[in-house]
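Below are the chains, spelled out letter by letter.
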Amino acid sequence: MFIHPSASIDENVKFGNNINIGANVFIGKNTIIGSNVTIQNGCEIGIYVGENDAPLIIGNNSLIRSQSIIYSGSSFGDNLITGHRVTVREGVKAGDNLQIGTLTDIQGNCFIGDFVRMHSNVHIGKYSTIGNFVWIFPYVVLTNDPHPPSDFYMGVSIKDFVSISTMSVVLPGIIVEKDTLIGAKSLVSRNTREGTLVAGNPAKEICLASKIKLKDGSKKSAYPWRRHFYRGYPVDVVNNWKAEFNI
Amino acid sequence: MFIHPSASIDENVKFGNNINIGANVFIGKNTIIGSNVTIQNGCEIGIYVGENDAPLIIGNNSLIRSQSIIYSGSSFGDNLITGHRVTVREGVKAGDNLQIGTLTDIQGNCFIGDFVRMHSNVHIGKYSTIGNFVWIFPYVVLTNDPHPPSDFYMGVSIKDFVSISTMSVVLPGIIVEKDTLIGAKSLVSRNTREGTLVAGNPAKEICLASKIKLKDGSKKSAYPWRRHFYRGYPVDVVNNWKAEFNI
Amino acid sequence: MFIHPSASIDENVKFGNNINIGANVFIGKNTIIGSNVTIQNGCEIGIYVGENDAPLIIGNNSLIRSQSIIYSGSSFGDNLITGHRVTVREGVKAGDNLQIGTLTDIQGNCFIGDFVRMHSNVHIGKYSTIGNFVWIFPYVVLTNDPHPPSDFYMGVSIKDFVSISTMSVVLPGIIVEKDTLIGAKSLVSRNTREGTLVAGNPAKEICLASKIKLKDGSKKSAYPWRRHFYRGYPVDVVNNWKAEFNI
């Protein structure tokens, strides 16, 4: 266990084993951190805003890169990995194996499944619900207010295996069904159908996503992406996917 | 008054009463800070770039969240609240009750009225003029160069009560008239008419904004938003709005 | 030479003359820094991720503004200037006089020529190739994955003198030819022709860029921009441009 002498750790913080805390890290009371966790320089973890006493829970085997800020009142499963300078407000309930890219901003009060991967500079509005194995690429915004500004929120729902390409916006209350591919720079203003490609401003259904071929010369379908993309997933997960597609 | 021992405060900085300065904060000469002000960890305030001697003025009752950077040569009224990691360059003249969201980047040399609320990751180009009670949502960009790169700037003008939805761009020199609603992901290339909804790429006038109904089941008009949205505004302001609409 | 006492500098770091290192700066082993270099507060430079031993090289006369993060395994020529909180991953090979704006995120494994200027909040995907004298404005994204997520990358190629206006996306594998102007909020899905304006979602060729007139009243062509815009370029470079256009 290493804690840099410049770090400021509340005396009530609970740690597992094998903890590595960088310089100028702040960790607030009511924070519970698992084993094998690294929190890099300049992070502020468990910022307490006085609204309730819900703890911040960080699972085992997690890496929080430098200058990140995570408020109290959220829970993350095991194997959390963040980029630099992520911001996470209170009320997030996230599963295992979440990856949050550099500069990504999670506004709080949302549900995130397992194996979700957010790239850099993603904006997750409050009241979003994100399934499992979802990919969200840079500068995507999930919205929540149908007539901004207001006090009436309609969070979006992103189902399993969805891939949202860069700089797309999903409008309030929209349901993006399983295995949808959202093309780059789309404005998603209607619910999507499972397994389709939608694109444009406003987004329209273009075709079944399965009609998109890999550009590696193999002429195989690029979607559902779990037909061919296995990087970083556990063997049992990959084997299930291979069985699903008779690979 | 609390100043963290790791903070570095120039001896000429002027403070009011009840000041709270976090760890590793830097405050440069020529900075004037009001009373009841909190500046959180890692902020750099009053960075002096040697171009002129204009001070940085921060009003009373202000909260500057961690890792924010504000240069010298700007002034902010009372009740400034920032998110984390905001950047503000020199030459901003802002009124009271400004809110600046996390990661928002104000490039300097602009005017900002009272009660303006910028959400996360907004980009305000130089020479912008923003009225009172304006809302600017995430990833909005106000531009200034009609033929980039050039040395000829045409700032945009955003009038009172305008709401600019997420990921919209306002082109150089455009005037967005009072009570305009700009839809998500719009490219605003023409001046708008007061009280209208514009949307699209390029943005077109869709209808009077007042035709948009609240989705809370009340069937009331959602715009002008001050008909129904009062969160965080003073009682006298709200009473004026209620009188305006006979509420 | 000034090194703030709170800075943490690996003993193997090599410095030129006249070095200025701010508070809480971290510099990792295998970092080689030229002369007349300032690294401001809170930067992390030469972060070593253990994949190879390639050094980080920062040229002479460079300024790295506060809270920036640059990994090991890249090289930058002389006169590098960054904004605040830039992020640069490993494998960047950049020429002289690069400017990287605040919050810009360079994902690594890319080539960048001389005199490239990236504004705030630009996202450069891996495997991008950027020529000389290129301008990239805020919230531009250069992509690389034709069917995200996948392991097959097609970097984009941006040729000399290109100007990419704010919030545009360049799709994977696209070649943006010399002197192209990309309009604001474009989705560039086809290779461009030299000296043209493309704009829209998807972007279409609008006209020769040379047909765009300066709005300063001079009625001169605004493009190629080197006909009229010389700020910050060396005299010999500007003289060549003037000769090219008989100015």
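On a predicted model such as this, the values are computed, not experimentally measured, just so you know.

A.B. asks: Which parts of the structure should I look at to understand helix 1 (residues 235-244) of chain B?
C.D. replies: An α-helical turn contains 3.6 residues, so any two residues separated by three or four positions project in the same direction. Residue and element names in this part refer to chain B. Val237, Val238 and Trp241 are the residues of helix 1 that are buried. Projected down its long axis, helix 1 shows its buried positions confined to an angular sector of 95°, all on one face. Set apart from the buried face of helix 1 by more than 90 degrees, the exposed residues are Val235, Asp236, Asn240 and Ala243. Of the residues trailing helix 1, asparagine 246 is marked for its positive phi of about 55°.

A.B. asks: Explanation requested: the interface of chain A and chain B in the structure shown.
C.D. replies: Accessible area lost when the parts come together is the quantity often used to give the size of an interface. Contact residues are listed per partner, giving 39 residues for chain A and 34 residues for chain B. A buried area of about 2,600 Å², summed over both sides, lies between chain A and chain B, and 57% of it is on carbon and sulfur atoms. The largest contributions to the chain A side of the interface with chain B come from A:His147, A:Pro148 and A:Pro149, which together make up 24% of the buried area. At the junction of chain A and chain B, the tally comes to one salt bridge. When the shortest N-O distance is used, the salt bridge between B:Arg231 and A:Asp151 registers 2.7 Å. Where chain A touches chain B, the interface holds 22 residue pairs in polar contact (both at pLDDT 80 or more).

A.B. asks: How should the pairing of strand 30 (residues 203-208) of chain C be read in this particular structure?
C.D. replies: It is a general feature of regular strands that their side chains alternate between the two faces of the sheet. Residues and elements named next belong to chain C. Relative to strand 30, strand 29 (residues 196-200) runs antiparallel, the two sharing five bridges. Counterpart to threonine 196 in the pairing with strand 30 is leucine 208. The hairpin turn running from strand 29 into strand 30, its antiparallel successor, is two residues long.

A.B. asks: Which parts of the structure should I look at to understand the side chain of C:Ser62?
C.D. replies: As for its placement among the helices and strands, C:Ser62 is situated in the loop between strand 9 (56-58) and strand 10 (63-64). You can call C:Ser62 buried: its relative accessible area is 3%.

A.B. asks: Looking at this model, I keep getting lost on the relation of the copies chain A and chain B. Mind explaining?
C.D. replies: Copies of the same chain, two in number, are related to each other by a rotation about an axis and a translation along it. Least-squares fitting of chain A to chain B yields an RMSD of 0.0 Å, with the superposition described by an axial translation of 0.0 Å and a rotation of 120°. Expressed as a symmetry operation, the mapping of one chain copy onto the other fits a three-fold axis. Closest to the rotation axis within chain A is the C-alpha of A:Asn201, separated from it by 4.4 Å.

A.B. asks: Would you mind showing me how to read the environment of C:Lys220 here?
C.D. replies: Residue and element names in this part refer to chain C. Tracing the backbone shows lysine 220 in the loop between strand 30 and helix 1 (235-244). Look at lysine 220 and you get exposed, because its relative accessible area is 55%. Along the backbone, lysine 220 and serine 210 are 10 residues apart, and their C-alpha atoms lie at a distance of 9.2 Å. In contact with lysine 220, not counting residues within four places along its chain, are Ile212, Lys213 and Leu214.

A.B. asks: Got a minute to help me understand the pattern of salt bridges in this structure?
C.D. replies: Side-chain pairs of opposite charge can arise whenever the charged atoms involved come near each other. Under the definition given, this model contains 15 salt bridges over all chains. The partner of A:Arg226 in a salt bridge is A:Glu244, and the shortest N-O contact between them spans 2.7 Å. Residue A:Arg226 is located in the loop between strand 31 (204-208) and helix 1 (235-244), and its partner A:Glu244 is located in helix 1; the two are separated by 18 residues in the primary sequence. Given a relative accessible area of 2%, A:Arg226 falls into the buried group. Given a relative accessible area of 41%, A:Glu244 falls into the partly exposed group. A salt bridge links C:Glu205 to C:Arg193; the shortest N-O distance between them is 2.7 Å. One end of the pair, C:Glu205, is in strand 30; the other, C:Arg193, is in the loop between strand 28 (187-188) and strand 29, with 12 residues separating them in the sequence. Its relative accessible area of 40% is what places C:Glu205 among the partly exposed residues.

A.B. asks: Hey, could you run me through unusual backbone geometry in this one?
C.D. replies: Note on backbone geometry: most residues besides glycine have negative phi, and most peptide bonds are trans. Residue B:Pro202 is bonded to the preceding B:Asn201 through a cis peptide linkage, with omega at 0°. With respect to the helices and strands, the residue B:Pro202 is situated in the loop between strand 29 (196-200) and strand 30 (203-208). The omega torsion of the bond from C:Tyr223 to C:Pro224 falls at -10°, within 30 degrees of zero and hence cis. In this structure, C:Pro224 sits in the loop between strand 30 and helix 1. Residue A:Asn30 is not a glycine yet carries a positive backbone phi of 70°. For B:Phe115, which is not glycine, the phi dihedral falls at a positive 60°. What makes B:Phe115 buried here is its relative accessible area of 11%.

A.B. asks: Just to check I follow, could you spell out the packing of aromatic side chains for this structure?
C.D. replies: Each pair of aromatic rings is reported with the distance of its centres and the angle of its planes. For the coordinates displayed, the defined rule picks out 51 aromatic pairs over all chains. Measuring from centroid to centroid gives 6.3 Å for A:Trp225 and A:Phe229, while their planes differ by 75°, and the two rings are edge-to-face. Looking at A:Trp225, the relative accessible area reads 1%, which means it is buried. Centre to centre, the rings of C:Phe161 and C:Trp241 are 5.9 Å apart; their planes meet at 75°, and the pair counts as edge-to-face. One end of the pair, C:Phe161, is in the loop between strand 23 (157-158) and strand 24 (163-164); the other, C:Trp241, is in helix 1, with 80 residues separating them in the sequence. Three or more aromatic residues joined by ring pairs form one cluster here, namely A:Phe115, A:Phe133, A:Trp135, A:Phe137, A:Phe161, A:Trp225, A:Phe229, A:Tyr233 and A:Trp241. When the ring centre of C:Tyr71 is taken as origin, the NZ or CZ atom of C:Arg89, which lies over that ring, is 3.9 Å away. Between the NZ or CZ atom of C:Arg117 and the centre of the ring of C:Tyr233, over which it lies, the distance is 4.1 Å.

A.B. asks: What's the story with the interface of chain C and chain B in this structure? I'm lost.
C.D. replies: Listed as interface residues are 34 residues of chain C and, on the opposing side, 39 residues of chain B. Roughly 2,600 Å² is buried in total at the junction of chain C and chain B, and carbon and sulfur atoms are behind 56% of that figure. Per-residue buried area on chain C facing chain B is highest for C:Arg85, C:Tyr139 and C:Lys185; these three make up 24% of the total on that side. Inspection of the region where chain C meets chain B yields 22 residue pairs in polar contact (both at pLDDT 80 or more). Looking at the side of chain C that touches chain B residue by residue, the classes come out as 13 nonpolar, 14 polar and seven charged.

Conventions and cut-offs
Chains are numbered independently. Their residues run from 1 in the order of the written sequence. A letter from A marks each chain and a number from 1 marks each ligand, given out in the order of writing. In keeping with the model being predicted, local features are shown solely for residues with a pLDDT of at least 70 and side-chain atom pairs are shown and tallied solely at 80 or more, while totals for entire chains, interfaces and linings include all residues. Only heavy atoms go into the side-chain values, all of them from the structure, while hydrogens and water stay out. Burial status follows relative accessibility: with a 1.4 Å probe on protein chains alone, a residue under 20% of its type maximum counts as buried, one over 50% as exposed, and anything between as partly exposed. Each helix corresponds to a stretch of at least 4 residues labelled H or I by DSSP, and each strand to a stretch of at least 2 residues labelled E; elements are numbered beginning at the N terminus. Think of it as the arc spanned by the lines of direction from the helix axis to the C-beta atoms. By definition, residues are in contact when any of their heavy atoms lie within 4.5 Å. The term buried area denotes the loss of accessible surface (1.4 Å probe radius) that occurs when two parts are joined, taken as the sum for both partners. Salt bridges are defined as contacts in which a side-chain nitrogen from Lys or Arg sits within 4 Å of a carboxyl oxygen from Asp or Glu. Polar contact is the term for a pair of N or O atoms within 3.5 Å; when the atoms are in protein, one must be able to donate a hydrogen and the other to accept it, and sequence-neighboring residues count only if both atoms are side-chain atoms. Strand pairing requires that DSSP identify at least two bridges connecting the strands. In this comparison the copies share one frame, found by least squares on the C-alpha atoms of residues holding pLDDT of at least 70 in both. Here a pair means two rings of Phe, Tyr or Trp (six-membered ring of Trp) with centres within 6.5 Å. Their orientation is stacked below 30 degrees between planes, edge-to-face above 60, and tilted elsewhere. Consider the ring centre and the ring normal. A charge sits over the ring if Lys NZ or Arg CZ is within 6 Å of that centre and within 35 degrees of that normal. Each residue is assigned to one of three groups, with Ala, Val, Leu, Ile, Met, Phe, Trp, Tyr, Cys and Pro labelled nonpolar, Asp, Glu, Lys and Arg labelled charged, and all others, Gly among them, labelled polar.

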